[in-house]
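# Architecture and fold: a report
This is what each chain is made of:
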Amino acid sequence: GQQVMQIPQYQHVQEGEDFTTYCNSSTTLSNIQWYKQRPGGHPVFLIQLVKSGEVKKQKRLTFQFGEAKKNSSLHITATQTTDVGTYFCAGFRDSSYKLIFGSGTRLLVRP
Amino acid sequence: DVKVTQSSRYLVKRTGEKVFLECVQDMDHENMFWYRQDPGLGLRLIYFSYDVKMKEKGDIPEGYSVSREKKERFSLILESASTNQTSMYLCASSFPVQFPLNEKLFFGSGTQLSVL
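Keep in mind that what you see is a predicted model, and the values were worked out from it rather than measured.

Contacts between the two partners involve 27 residues from chain B and, on the opposite side, 25 residues from chain A. Around 2,000 Å² of area is buried between chain B and chain A when both sides are counted, 59% of it from carbon and sulfur atoms. Along the contact surface separating chain B from chain A lie zero salt bridges. Here chain B is connected to chain A by four residue pairs in polar contact (both at pLDDT 80 or more). Elements with a minimum of two residues in the side of chain B that touches chain A: β4 (31-38), β5 (42-51) and β6 (54-57) of chain B. Here the side of chain B that touches chain A takes five residues from β5 of chain B, the largest share from any one element.

Under the definition given, this model contains 12 aromatic pairs over all chains. Consider the rings of F19 of chain A and Y87 of chain A, whose centres lie 6.0 Å apart with planes at 45°: the pair is tilted. On the criterion of sequence distance, the pair formed by F19 of chain A in strand β3 (residues 19-25) and Y87 of chain A in strand β9 (residues 85-92) is long-range, its members being 68 residues apart. Each residue in the set Y35, F45, F88 and F101 of chain A together with F33, Y35, F48 and F107 of chain B is aromatic and connected to the rest through ring pairs, giving one cluster.

Calculation rules
Residues numbered from 1 in each chain as written. Chains lettered and ligands numbered in written order. Predicted model: local features only at pLDDT ≥ 70, side-chain atom pairs only at ≥ 80, totals over all residues. Heavy atoms only, no water. Contact = heavy atoms within 4.5 Å. Buried area = accessible area lost by both parts, 1.4 Å probe. Salt bridge = Lys/Arg side-chain N within 4 Å of Asp/Glu carboxyl O. Polar contact = N/O pair within 3.5 Å; in protein donor to acceptor, adjacent residues only side chain to side chain. Helix = DSSP H or I, 4+ residues; strand = E, 2+ residues; numbered from the N terminus. Phe/Tyr/Trp six-rings, centres within 6.5 Å; stacked < 30°, edge-to-face > 60°.

In short, geometric facts, not functional conclusions.
Structure follows, in structure tokens:
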């Protein structure tokens, strides 16, 4: 079945450093969503990308959707301690309600 | 404010017991989902429902069943709990949106189930 892989599994950065997580699918995705899960919390929706090559920004967060719609990335500029958590990408199979999650990247930020 | 409520935050059961996990949403969403979350594996879809009394298998349905008798409630049932079903269980809901868009998921706080 379709798999969505995420790397790295963990990232430990100094506050102020940048962070990037990458998401790769074995098949073409109709769109991709990103979620953030704080420690002890539940996943919360961040953004959705639909178009090939799409780039969206939310303050210090930049999201990209690949030209082939099989990969995506999340880049955080100048991390803060509030960015701590696990970031998940999630993709939909074409014409399906099934949202398939990546394995997540856990971000730790040293103050 | 949007709310998805799971009946228990922590649950401890014995092997072989029948376990019910309840989820209620107050947003009139058609779609409801059950995921389990395990370290290093992300969230894996167990079952989902796009309407009352409708259900579809996700990627790991073995050992589970579901019930959706009312729109707001989606129950996950472990017919005979086993130790490999120890996990965090997350319920979610969403509106259906015309393809290629898909509405975002709203998650409950999760139920940490331990099967001894």
